[in-house]
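What the coordinates show
Chain residues, written in single-letter form:
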Amino acid sequence: MALVNECFLKLSNNYLFSDIAKKVSAYKAANPKAEIIRLGIGDVTKPLPKAAIEAMHKAVDEMACGETFRGYGPEHGYEFLINAIIKNDYEPRGIQLDECEVFISDGSKSDVGNIGDILGINNTIGVTDPIYPVYIDSNVMSGRAGDNVEGKWSNITYMPSVMENGFVPQIPDHKMDIVYLCYPNNPTGTVISKAELEKWVQYALKNDAIIMYDAAYEAYIQDASIPHSIYEIKDAKKVAIEFRSFSKTAGFTGVRCGYTVVPKELTARTASGERVALNALWNRRQCTKFNGTSYITQRGAEAVYSAEGKVQVRETINYYMTNAKIMHEGLTSMGYNVFGGENAPYLWVKTPDGLTSWGFFEKLLNEANVVGTPGVGFGPSGEGYIRLTAFGERANCEEAMTRLKRL
Ligand code: PLP
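Residues numbered from 1 in each chain as written. Predicted model: local features only at pLDDT ≥ 70, side-chain atom pairs only at ≥ 80, totals over all residues. Heavy atoms only, no water.

1. Considerations on the sheet that holds strand β7 (residues 178-182)
Worth spelling out the cut-off: Pairing between two strands requires that DSSP report at least two bridges joining them. Counting from the N terminus, the helices are DSSP H or I runs at least four residues long and the strands are E runs at least two residues long. Helix axes are fitted only over the stretch in contact, all axes being lines through C-alpha atoms; the angle between N-to-C directions runs from 0 to 180 degrees. In this analysis, two residues are considered to be in contact whenever any of their non-hydrogen atoms come within 4.5 Å of each other.
One open sheet accounts for seven strands, arranged β2-β10-β9-β8-β7-β3-β6; its pairing is mixed. Both outer strands of the open sheet, β2 (102-105) and β6 (156-160), are each paired with one neighbouring strand and no more. If you compare each strand with its neighbour and ignore which way they point, the axes differ by 20° on average. Where strand β3 (residues 125-129) meets β6, five bridges bridge the pair, whose relative direction is parallel. Across the sheet, the residue bridging to V127 is Y158, located in β6. Running over the sheet, helix α4 (residues 79-90) touches β2, β9 (240-245) and β10 (258-261) and is turned about 115° from β2.

In C-alpha cells form, the structure reads like this:
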C-alpha cells in the first residue's frame with residue numbers, strides 16, 4: 001500500500017488570493033459598472049527588456065541549425081551566464097565568487113523551496129513575520145515545522161517585524177539552526193541595514209546556524225548604504241546561502257530564471273559532528289533532480305547584463321519605483337502610516353481606526369474600488385496591515401490615490 005507524505009495534510013490550503021478573487025468577483029457582479037483598480041498584484045506588468053528578447057530570438061535561431069543546436073546543458077547553468085552574474089552582481093561589490101558557487105535555476109521559488117532537501121529534518125527554523133509563505137510551507141512539507149498550534153508552527157520561531165519595532169525583528173537569544181531572511185522584504189517592502197545584517201551573520205557564526213538570504217528584490221534598492229548581498233558582510237560566506245531572481249529584476253516571471261549562491265566555505269554538521277560542504281550537496285541534488293534552465297532563457301538572462309539590457313532594466317524599475325513614490329507620498333499625505341516603497345516595489349500600510357487587514361480590504365474595495373492584499377495572509381504579524389504593490393500602470397496608481405483621498 002502506498003502511503004502519502006502526511007506532512008502535506010498538515011498544510012492548510014492557502015486561500016488568500018482565491019478569497020480576494022472571490023470577493024472582487026462578487027463585488028463586480030453586484031456593481032457591474034465599477035472600475036476596479038488592482039494594487040494587490042505581485043507580478044510584473046511591463047514587457048521583457050528588448051535586449052533579452054533579441055538574445056532569446058537569436059538563441060531560438062541557433063536551436064534551428066545543426067551546428068549551433070544545444071541539447072541538455074550543464075545542470076548548474078552555462079558558464080556565460082554564471083560569469084556575467086559574478087562579474088556584474090558581485091565583483092563590483094567586492095565579492096569574489098567561484099563559478100562552481102553559482103547555480104542557475106528556473107527561479108528562486110524552486111530553490112528556496114528545495115534547499116531543505118540537503119538539510120536534516122531536525123533543524124529548527126526561524127522566520128521574520130510576516131513573510132513570503134514558501135519558507136514555512138516547504139518546511140511543513142518536509143516535516144520540519146512541527147505542529148500548527150493556533151496559527152503558528154511549533155518548531156518555527158516567528159520574529160515579528162512590525163511598526164512598533166521599526167521593522168527590525170529582534171534576534172532571539174535561543175538557538176535556531178536555519179533562519180530565513182528576505183530583504184528587501186516581501187511583503188513589508190522594508191530593508192535591512194549593514195549593521196543589522198552584521199548582527200545576523202554574527203548570530204549564525206556563534207550558533208552554527210545557516211541563513212537563507214532571499215534577495216529577489218535587491219534591484220529595487222535605491223539607498224546606496226543598503227546591502228544588496230549578504231556577502232557584503234564579512235564571513236557571511238561561512239553561514240549564508242543567497243537566492244536571486246530575474247523575475248522582478250527583469251520581468252522574467254513568465255520566462256523563469258534565477259540563481260542560488262552556495263559558497264564553498266559553507267558547511268553543516270552530520271549527527272556525529274563531521275563537517276560537510278553544502279556546495280557539494282546542492283550540486284548533487286541539482287544534478288539528480290534538475291536538468292538545467294533552458295539555453296534560450298539563459299541567453300535572455302545574460303542579455304540583462306549587456307549595456308543596453310542594463311539601461312532597459314533600469315528604466316522599468318524606475319517606472320515601478322515612481323509608482324511606489326506616488327503611492328507613498330499620496331498615502332502619507334492622507335495621514336496613513338506607510339512603510340516600504342522606498343527600496344522595494346511593495347508598500348505596507350497600517351490599517352486605520354483599528355480595522356483588521358480584511359476589514360480595510362473590504363473598505364478599500366467597497367468605497368474606492370481598489371484592491372490590496374490583506375497583510376494577515378503573510379503571517380500573524382501581518383494583521384492590521386495591507387500590502388499594495390507598485391507593479392501596476394501609472395494612471396491606475398494615480399487614480400487610486402485620487403479615490404482614496406475622497407474616502
Ligand atoms: N522570493 C520572494 C521574496 C518573492 O516574493 C518571490 C516571488 O514573488 C520569489 C522569491 C520567487 O521568485 P521566482 O519568480 O524567481 O520564483
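2. Some words on the state of the cysteines
So the rule is basically this: The disulfide criterion is simple: two cysteine sulfur atoms within 2.5 Å. For every residue, the accessible area obtained with a 1.4 Å probe (protein chains only) is divided by the maximum for its type, and the residue is called buried under 20%, exposed over 50%, and partly exposed between those limits.
This structure, assessed with the given rule, holds zero disulfides. Unpaired in this structure, C257 has its nearest cysteine sulfur neighbour in C287, at a distance of 17 Å. On the basis of relative accessible area, C257 is assigned to the buried category, the value being 0%.

3. A closer look at the pairing of β9
With respect to burial, β9 is a largely interior element, six of its six residues being buried. Residues A240, E242 and R244 line one face of β9 and the alternating positions I241, F243 and S245 line the opposite face, and both faces are buried. The pairing of strand β8 (residues 210-214) with β9 spans four bridges and is classified as parallel. Looking at β9, one finds that M212 is bridged to I241. In terms of strand pairing, β9 meets β10 through four bridges, oriented antiparallel. When the sheet's bridge partners are listed, S245 is paired in β10 with G258.

4. Quick notes on the environment of G375
Tracing the chain through its elements places G375 in the loop between β16 (373-374) and β17 (385-389). Note: C-alpha distance between G375 and T351 (24 residues apart in sequence) is 9.6 Å.

5. A few points about the site of the ligand
Using the following cut-off: We call a residue near a molecule or strand when any one of its heavy atoms sits within 4 Å of it. Any pair of N or O atoms that falls within 3.5 Å is considered a polar contact. Within protein, one atom must be able to donate a hydrogen and the other to accept it, and sequence-neighbouring residues count only if both atoms are side-chain atoms. Using a 1.4 Å probe, the Shrake-Rupley method yields the accessible areas, and only the shown protein chains count as cover for residues. Only protein atoms enter the 1 Å grid, on which a cavity is a set of points fitting a 1.4 Å probe that cannot get out and a pocket is an open set with protein on both sides within 12 Å along at least 5 of 7 lines, lining residues being those with an atom within 4 Å of a point. To decide whether a molecule occupies a pocket or cavity, check its atoms: if more than half lie within 2 Å of the grid points, it is inside. Note that Gly is not counted as nonpolar here; it falls among the polar residues with everything else outside the nonpolar set of Ala, Val, Leu, Ile, Met, Phe, Trp, Tyr, Cys and Pro and the charged set of Asp, Glu, Lys and Arg.
Surrounding the ligand, one finds 14 residues, the nearest of these being D214, Y217, S245, S247 and R256. One of the side-chain N or O atoms of S245 is found 2.6 Å from an oxygen atom in the ligand. Contact between the ligand and R256: an oxygen atom at 2.7 Å from a side-chain N or O atom of the residue. For the ligand, the accessible surface in isolation is 400 Å², of which the surrounding protein chains cover 91%. The cavity that encloses the ligand is the largest pocket. For the shell around the ligand, the secondary structure elements donating two or more residues are α5 (108-114) and α8 (247-250). Here the shell around the ligand is composed, by residue class, of five nonpolar, five polar and four charged.

6. Let's talk about helix α7 (residues 194-207)
This is how the line gets drawn: A helix is expected to span 1.5 Å multiplied by its residue count minus one. This arc describes the spread of directions from the helix axis toward the C-beta atoms.
Spanning 14 residues, α7 covers 20 Å between terminal C-alpha atoms, matching the ideal 20 Å at 1.5 Å per step. Listed as buried for α7 are E196, L197, W200, V201, Y203, A204 and N207. For α7, the angular spread of the buried residues around the axis is 155°, confining them to a single face. Following α7 by one or two positions, D208 adopts a phi angle in the positive range, close to 55°.

7. Here's the deal with the packing of α4 against helix α10 (residues 295-303)
Applicable threshold: Roughly parallel covers angles under 35 degrees, roughly antiparallel covers those over 145, roughly perpendicular covers 65 to 115, and oblique covers all other angles. In this scheme, a crossing is called left-handed if the near helix is turned counterclockwise away from the far one by less than a right angle; it is called right-handed if the turn is clockwise.
In the contact formed by α4 and α10, the axes pass within 9 Å of each other and the chain directions differ by 25°. When the axes of α4 and α10 are compared, the pair comes out roughly parallel. Considering the relative orientation of α4 and α10, their crossing is left-handed. Across the interface between the two elements, F80, L81 and A84 from α4 touch Y295, Q298, R299, A301 and E302 from α10.

8. A word on the layout of surface pockets
Selection rule: Grid points are joined across faces, edges and corners, and a volume is the space filled by probe spheres set on the points.
Computed from the structure, the largest pocket encloses a volume of approximately 760 Å³. Lining of the largest pocket is provided by 29 residues; of these, K109, Y132, V134, N186 and K248 occupy positions nearest its centre. Taken together, the elements giving at least two residues each to the lining of the largest pocket come down to α2 (16-30), α5, α6 (134-141) and α8. A per-element tally of the lining of the largest pocket places α6 first, with five residues. A breakdown of the residues in the lining of the largest pocket according to their chemical character gives 13 nonpolar, nine polar and seven charged.

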